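Chain by chain, the residues run as shown.
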Amino acid sequence: MLSKSLLLSFCTTALLASAASAKNGSVEIDWDAHQWQAPGPNDLRSPCPGLNTLANHGFLPRDGRNLNMSVIVDAGFNGYHMQPDVLALAVKVAFLTTGDPFSFTLDDIKLHETIEHDASLSREDFALGDNLHFNETIFSTLANSNPGYDFYNTTSAGEVQRLRLADSEARNPNVTNTDKEFFIRSAESGFYLSVMGDPLAGVAPKEFVQIFFREERLPIAEGWHRSETPINGSTLGPLIDRIEAASNWTTSGGCPIIVLGPDGSHF
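Per an unreviewed UniProt entry, the protein carries the name Cloroperoxidase and comes from Dendrothele bispora. What UniProt records for the protein under Cofactor (unreviewed entry) is the sentence "heme b". Looking at the protein in UniProt, the text filed under Sequence similarities (unreviewed entry) is "Belongs to the chloroperoxidase family."

Participant: Hey, could you run me through unusual backbone geometry in this one?
Facilitator: Outside of glycine, negative phi angles account for most residues, and trans bonds account for most peptide bonds. Located in the positive-phi region is histidine 81, a residue other than glycine, with phi close to 60°. Considering the arrangement of structural elements, one finds histidine 81 in the loop between α3 (69-80) and α4 (84-94). Take histidine 81: its relative accessible area is 1%, and that puts it in the buried class. The phi dihedral of asparagine 248 falls on the positive side, at around 50°, and the residue is not glycine. The residue asparagine 248 is located in the segment after α9 (233-247) in this model. The exposure class assigned to asparagine 248 is exposed, which follows from its relative accessible area of 59%.

Participant: What's the story with the packing of helix α6 (residues 154-171) against helix α7 (residues 179-196) in this structure? I'm lost.
Facilitator: Packed helix pairs are specified by the crossing angle of their axes together with the interaxial distance, meaning the distance between the axes. For the pair α6 and α7, the least separation of the axes is 10 Å and the interaxial angle reads 140°. Classed by the angle they form, the pair α6 and α7 counts as oblique. Here the hand of the crossing between α6 and α7 comes out right-handed. Mapping the contact onto sequence places Thr154, Ala157, Gln161 and Leu165 in α6 and Phe182, Arg185, Ser186, Ser189, Tyr192 and Leu193 in α7. Its residues assigned to classes, the contact of α6 with α7 shows 5 nonpolar, 4 polar and 1 charged.

Participant: Can you help me understand the environment of leucine 193 in this one?
Facilitator: Looking at where leucine 193 falls in the secondary structure, it is placed in helix α7. Judged by its relative accessible area of 0%, leucine 193 is buried. In sequence terms leucine 193 and proline 205 are 12 residues apart; their C-alpha atoms lie 8.6 Å from each other. Ignoring anything within four residues of it in the chain, the contact list for leucine 193 reads Tyr152, Asn153, Thr154, Ala157, Asp198, Gly202, Val203, Ala204 and Ile243.

Participant: Even after reading the chapter, I still don't get the layout of surface pockets, so can you show me in this structure?
Facilitator: If a probe as big as a water molecule is rolled over the atoms, it shows which places are left empty. Taken as a whole, the second largest pocket encloses approximately 190 Å³ of empty space. Considering the residues around the second largest pocket, the lining is formed by Pro39, Leu44, Arg45, Ser46, Asn52, Asn56, Asp107, Arg123, Leu132, His133, Phe134 and Glu216. For the lining of the second largest pocket, the per-class residue count stands at 4 nonpolar, 4 polar and 4 charged.

Participant: I would appreciate a short explanation of the confidence of the model for the protein in the present structure.
Facilitator: A low pLDDT means the predicted coordinates there should not be read in detail. Summing up the model confidence of the protein, the mean pLDDT is 90 and the portion of residues at 70 or higher is 88%. Low pLDDT, under 50, characterises residues 1-23; the stretch is placed with 31 contacts to residues that sit more than four places away or in other chains.

Participant: Please clarify how the nonpolar core should be interpreted in this entry.
Facilitator: Most often, soluble globular proteins have nonpolar side chains that are buried together. Among the nonpolar cores identified, the biggest contains 46 residues, and Leu60, Leu142, Tyr192 and Met196 are the most heavily contacted of them. Elements supplying a minimum of two residues to this core: α2 (49-56), α3, α4, α5 (136-143), α6, α7, α8 (206-215) and α9. Counting residues per element, this core draws most heavily on α7, at 7 residues. The residues contacting leucine 60, other than those within four sequence positions of it, are Leu51, Leu54, Ala55, Leu67, Val71, Ile72, Ala75 and Leu106.

Participant: How should I be thinking about α7 in this particular structure?
Facilitator: With 18 residues, α7 extends 26 Å between its outermost C-alpha atoms, agreeing within 8% with the 26 Å of an ideal straight helix rising 1.5 Å per residue. Of all 18 residues making up α7, 17 are buried, and the element is well covered by its neighbours.

Participant: Please explain the packing of aromatic side chains as it appears in this structure.
Facilitator: The way to describe two aromatic rings as a pair is by their centre distance and the angle between their planes. Across all of its chains, the model carries 12 aromatic pairs by this definition. Ring plane angle 90° and centroid distance 5.7 Å describe the contact between phenylalanine 212 and phenylalanine 213, whose orientation is recorded as edge-to-face. For the residue pair phenylalanine 212 and phenylalanine 213, the accessibility class agrees, reading buried in each case. Joined through ring pairs, the aromatic side chains of Tyr80, Phe134, Phe139, Phe191, Tyr192, Phe212 and Phe213 make up one cluster. In this arrangement the basic side chain of arginine 226 is found over the ring face of phenylalanine 77, its NZ or CZ atom lying 5.3 Å from the centre.

The rules behind the values
Residue indices begin from 1 for each chain and proceed along its sequence in written order. Per-residue local features are limited, in this predicted model, to residues with pLDDT of at least 70; the limit for side-chain atom pairs, both in listing and counting, is 80 or more; totals at the level of whole chains, interfaces and linings are taken over all residues. Computation of side-chain values: all heavy atoms of the structure, hydrogens and water removed. UniProt positions are given in the numbering used here, feature names are shortened, and annotations may be inferred rather than shown by experiment. Working definition: helices are DSSP H or I runs of at least four residues, strands are E runs of at least two. Numbering for both runs from the N terminus. To sort residues, take the accessible area from a 1.4 Å probe on protein chains only and compare it with the maximum for the residue type: under 20% means buried, over 50% means exposed, and anything in between is partly exposed. Axis lines are fitted to C-alpha atoms, over the contacting stretch for helices. Their N-to-C directions set the angle, which ranges from 0 to 180 degrees. Roughly parallel covers angles under 35 degrees, roughly antiparallel covers those over 145, roughly perpendicular covers 65 to 115, and oblique covers all other angles. In this scheme, a crossing is called left-handed if the near helix is turned counterclockwise away from the far one by less than a right angle; it is called right-handed if the turn is clockwise. We call two residues in contact whenever any of their non-hydrogen atoms come within 4.5 Å of each other. Throughout, the ten residues Ala, Val, Leu, Ile, Met, Phe, Trp, Tyr, Cys and Pro are labelled nonpolar, Asp, Glu, Lys and Arg are labelled charged, and all others, Gly among them, are labelled polar. Think of a 1 Å grid over the protein atoms and nothing else: a 1.4 Å probe that fits but is trapped marks a cavity, an open set flanked by protein within 12 Å on at least five of seven lines marks a pocket, and residues with an atom within 4 Å of a point count as lining. Grid points are joined across faces, edges and corners, and a volume is the space filled by probe spheres set on the points. The score called pLDDT rates the predictor's confidence residue by residue, from a low of 0 to a high of 100. Residues grouped as a nonpolar core are buried Ala, Val, Leu, Ile, Met, Phe, Trp, Tyr and Cys residues, joined through side-chain atoms within 4.5 Å. Expected span of a helix, by definition, is 1.5 Å for each gap between consecutive residues, and there is one gap fewer than residues. Only Phe, Tyr and Trp rings are paired, with Trp represented by its six-membered ring, and only when their centres lie within 6.5 Å; those with planes under 30 degrees apart are stacked, over 60 edge-to-face, the remainder tilted. A positively charged side chain is recorded as over a ring if its NZ (Lys) or CZ (Arg) lies within 6 Å of the ring centre. The angle to the ring normal must also be within 35 degrees.

Right, here's the structure in full:
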């Protein structure tokens, strides 16, 4: 079984191996050069609102092509103040979604059971329909969570994961829900709380989070600003622990599977 500690350790190892590991501290961002633009008809996007948002603001190539380790790590740092240890493993795994040894596209990472997974916060399960594009019905579980408050936190994030998984298990007889998917889902929840809110407290305004998912836009006009606190494994790990505890997760059975390429080979 894949453990969270193993995955985080692998992230750290990947960081040390990456040329981008020298990234440290903050930078001045010219936000005028990173205005939001909706993707055009030939631009590629992914199931990940975080990457799509970076492309819509021009931190990643706006066409969603020619992505690699340095491109992703630079974009995550400049757009979100996210340090390489958080992104390095995901980028390495993303290369499994394509036959190109040098780059991948945002569309490539929709490949099911590599990074993309069931019980998403904003996409339908692969076996049930469109696992690429935003789905308001799916997202309503998150949007309507933590009623009576104007923020989301690790407790509400864990409850949303529990409800989304229950929905997938009820509707999808082929649902995949192992330690791997659980970790990815929990890390993604910690990600939106960190990027849209306080990466230490794990609290984010509902308005910011909803704009982030629905429009794949940084809510700068609404008052959002790039985190002054670097987002890294040390800040994300405690949030993941709390989200996992709040989700009351149990496996749906089976062993973790990672699809190794577009041909469907896996281990």
